[in-house]
Amino acid sequence: MLTEKLEKEIVEQINFELYSANVYLAMANFCASEGYSGFESWFQVQYEEELFHAKKFMKFINEKGGRVTIASMDEVKNEYDSLLDVFEASLHHEQEVTSRIYNLMDIAIDEREHATRSFLNWFVDEQVEEEDNVRAIIDKIKLVKDAGMYLLDQELAQRTFVAPPL
Ligand SMILES: [Fe+2]
Ligand SMILES: [Fe+2]
């Protein structure tokens, strides 16, 4: 059995994972509305991942004889300034998730709840990957932007002065 405190915190995390799923679903639809179907599909996968995280936590709570309750969800952000803005928001979100997972781990260590500690290790590792994935995309968006400017610069360099007939 988990302590009341640990169970409550994990159930809160389940609800936060579901909220995360909604955050990514909104991002997917923002990308779709901008005509970026690849980005849309990337965020759809991210959405599926978050549902998987919620389910993984739910299974654990149920296995430990606990009780999962689903809360009402906070409204998510639907509007963004750009794709870069979306990914920066996504990185920020993942950093918050990481700190929440760390907080759960701190409680589990404090309570000498070794099963929970072992279970949470998967999420600790997962967060390293999640943050790294998003950071890599942010870097790529910036690089591609520069590459676009380079191509435009090359194109503009082609302009020559051709004197029209007087
Ligand atoms: Fe997650
Ligand atoms: Fe995540």
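Below is a short write-up of the structure. Given the structure is predicted, the values throughout are model-derived calculations rather than measurements.

1. Some points on the coordination of the iron ion (ligand 1)
Stage number 1. For the iron ion (ligand 1), every protein donor is listed as Glu 17 (OE), Glu 50 (OE) and His 53 (ND1), and the spread of their distances is 2.1 to 2.2 Å.
Stage number 2. Between the donor residues of the iron ion (ligand 1), the gaps in sequence give the motif E-x32-E-x2-H.
Stage number 3. If you look at the iron ion (ligand 1) and the iron ion (ligand 2), they sit 3.3 Å from each other and are both ligated by Glu 50. You can see Glu 17 sitting in helix 1 (residues 4-33) and its partner Glu 50 sitting in helix 2 (residues 37-63), a full 33 residues away along the chain.

2. Points about the nonpolar core
Stage number 1. With 44 residues, the main nonpolar core has Ile 10, Phe 43 and Phe 57 as its most contacted residues.
Stage number 2. Contributions of two or more residues to this core are made by helix 1, helix 2, helix 3 (83-110) and helix 4 (114-157).
Stage number 3. Looking at this core element by element, the count peaks at 15 residues for helix 1.
Stage number 4. Those residues within four positions of Ile 10 in sequence are excluded, and the remaining contacts are Leu 2, Phe 57, Phe 60, Ile 61, Leu 104 and Thr 116.

3. Concerning the coordination of the iron ion (ligand 2)
Stage number 1. Note on the iron ion (ligand 2): its protein donors are Glu 50 (OE), Glu 94 (OE), Glu 94 (OE) and Glu 130 (OE). The metal-donor distances range over 2.1 to 2.7 Å.
Stage number 2. Around the iron ion (ligand 2), the 4 donor atoms are arranged such that angles at the metal cover 50 to 155°; this shape is classified as irregular.
Stage number 3. Along the chain, the residues donating to the iron ion (ligand 2) are arranged with the sequence spacing E-x43-E-x35-E.

4. What about unusual backbone geometry?
Stage number 1. Even without a glycine there, the phi angle at Arg 112 is positive, about 55°.
Stage number 2. Take Arg 112: it is sitting in the loop between helix 3 and helix 4.

5. Brief notes about the packing of helix 2 against helix 4
Stage number 1. Close contact between helix 2 and helix 4 brings their axes to 12 Å; oriented N to C, the two are set at 170°. Taken together, the axes of helix 2 and helix 4 lie roughly antiparallel to each other. Taking contact as the criterion, the partners of Phe 39, Trp 42, Gln 46, Glu 49, Glu 50, Phe 52, His 53, Lys 56, Phe 57 and Phe 60 in helix 2 are, on helix 4, Ala 115, Thr 116, Phe 119, Leu 120, Trp 122, Phe 123, Glu 126, Glu 130, Val 134, Ile 137 and Ile 141.
Stage number 2. Across the contact of helix 2 with helix 4, the residue classes tally to 13 nonpolar, 3 polar and 5 charged.

6. So, the pattern of salt bridges
When charged atoms on two side chains of opposite charge get close, those side chains can pair.
Stage number 1. The final tally for this structure, using the stated rule, is 5 salt bridges.
Stage number 2. In this structure, Lys 59 and Glu 63 form a salt bridge, with 3.4 Å as the shortest nitrogen-oxygen distance. Here Lys 59 and its partner Glu 63 are both found in helix 2, 4 residues apart, which amounts to about one turn of the helix. Across the pair, exposure class does not vary: Lys 59 and Glu 63 are exposed alike.
Stage number 3. Of the charged contacts, one joins Arg 100 and Glu 96 as a salt bridge, the two residues approaching to 3.2 Å between their closest N and O atoms.

Reading the values: the criteria
Residues numbered from 1 in each chain as written. Chains lettered and ligands numbered in written order. Predicted model: local features only at pLDDT ≥ 70, side-chain atom pairs only at ≥ 80, totals over all residues. Heavy atoms only, no water. Donors = N, O, S within 2.8 Å, 3.2 Å for Na, K, Ca; no water. Helix = DSSP H or I, 4+ residues; strand = E, 2+ residues; numbered from the N terminus. Core = buried A, V, L, I, M, F, W, Y, C linked by side-chain atoms within 4.5 Å. Buried < 20%, exposed > 50% of the residue type's maximum accessible area, 1.4 Å probe, protein only. Contact = heavy atoms within 4.5 Å. Tetrahedral: all angles 85-135°; square planar, octahedral: opposite > 155°, others 65-115°. Axes fitted to C-alpha atoms, helices over the stretch in contact; angles between N-to-C directions. Parallel < 35°, antiparallel > 145°, perpendicular 65-115°, else oblique. Nonpolar A, V, L, I, M, F, W, Y, C, P; charged D, E, K, R; others polar. Salt bridge = Lys/Arg side-chain N within 4 Å of Asp/Glu carboxyl O.

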